[in-house]
Structure formats: structure tokens, C-alpha cells
Amino acid sequence: MATPGDGRTATTTWYTSSAAVAAARRMAAEGVVGDPACSMAAVGRPDPDLLPRTGRIGIGQSGDYTCFIA
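Residues numbered from 1 in each chain as written. Predicted model: local features only at pLDDT ≥ 70, side-chain atom pairs only at ≥ 80, totals over all residues. Heavy atoms only, no water.

Participant: Help me understand the sheet that holds strand 2 (residues 40-43) in this model?
Facilitator: Strand pairing in a sheet takes place through backbone hydrogen bonds and is either antiparallel or parallel in direction. The four strands are arranged 1-3-4-2 in an open sheet whose pairing can be described as mixed. The sheet is open, and its two edges are formed by strand 1 (13-16) and strand 2, each paired on a single side. Across this sheet, the average inter-strand angle for adjacent strands is 20°, counted without regard to direction. In terms of strand pairing, strand 2 meets strand 4 (residues 65-69) through four bridges, oriented antiparallel. When the bridges of strand 4 are listed, Ala-41 appears paired with Cys-67. The sheet strands contacting helix 1 (residues 18-30) are strand 1, strand 2, strand 3 (56-62) and strand 4, and the helix crosses strand 3 at an angle near 35°. (Pairing = 2+ DSSP bridges. Helix = DSSP H or I, 4+ residues; strand = E, 2+ residues; numbered from the N terminus. Axes fitted to C-alpha atoms, helices over the stretch in contact; angles between N-to-C directions. Contact = heavy atoms within 4.5 Å.)

Next comes the structure, spelled out in C-alpha cells:
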């Protein structure tokens, strides 16, 4: 796999993260955006391009709430 800075295109692996799903559920239950577990949180359609290119990014959703963990 390519990594940032090695001269090749960085590859990001997206996966469903149980921690991100739990954080998204907490946000949905509380009706607020933001959870300490999330690198980026959103309600509505998030823009994943705002995240840094890393090896793995966990994603979790609950209703309209999304949590990304980089």
C-alpha cells in the first residue's frame, strides 16, 4: 500500500468502525454534532475530502449523523 510522502498515490482504506458507529448513535440520541471519538463529525452529507489521507478511516452512521475516525 502506498503511504503519504513515498512518491506514490496514498491509498485510504474505509471501514465500518464500531467505535464510530457508537459515537454516531450518541450524537443522534443527543441531537448534537461532535463526539470526542470522532476526527470529523457531521449531520447531513459530510465531505470526506476534509479528512487527511491516511491508511485507514473508520466510519459510522446513525440516521443523518456521521462519525469519521482517522
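Participant: Would you mind going over the state of the cysteines with me for this structure?
Facilitator: Disulfides are covalent bonds that connect the sulfur atoms of two cysteines. As enumerated under the stated definition, the model contains one disulfide in all. The disulfide that involves Cys-38 links it to Cys-67, with 2.1 Å between the sulfurs. Here Cys-38 and Cys-67 share a disulfide; its torsion about the S-S bond, -120°, makes the bridge left-handed. With Cys-38 in the loop between helix 1 and strand 2 and Cys-67 in strand 4, this residue pair connects regions lying 29 residues apart in the sequence. By relative accessible area, Cys-38 is classed as buried at 14%. (Disulfide = S-S within 2.5 Å. Buried < 20%, exposed > 50% of the residue type's maximum accessible area, 1.4 Å probe, protein only.)

Participant: How should helix 1 be read in this particular structure?
Facilitator: Side chains that are three or four residues apart share a direction in an α-helix, a result of its 3.6 residues per turn. In this model, helix 1 (13 residues) spans 18 Å end to end at C-alpha, consistent with the 18 Å of a helix rising 1.5 Å per residue. Those residues of helix 1 not exposed but buried are Ala-20, Val-21, Ala-23, Ala-24 and Met-27. For helix 1, the angular spread of the buried residues around the axis is 160°, confining them to a single face. Seen from the buried face of helix 1, the exposed residues on the opposite side, beyond 90 degrees, are Ser-18, Arg-25, Ala-29 and Glu-30. Taken together, the buried residues of helix 1 touch strand 1, strand 2, strand 3 and strand 4. Where helix 1 begins, the capping side chain belongs to Ser-17, and its oxygen is found 3.3 Å from the backbone nitrogen of Ala-19. Looking one or two residues past helix 1, Gly-31 carries a phi angle of roughly 70°, positive in sign. (Expected span 1.5 Å × (residues − 1). Arc of directions from axis to C-beta. Polar contact = N/O pair within 3.5 Å; in protein donor to acceptor, adjacent residues only side chain to side chain.)

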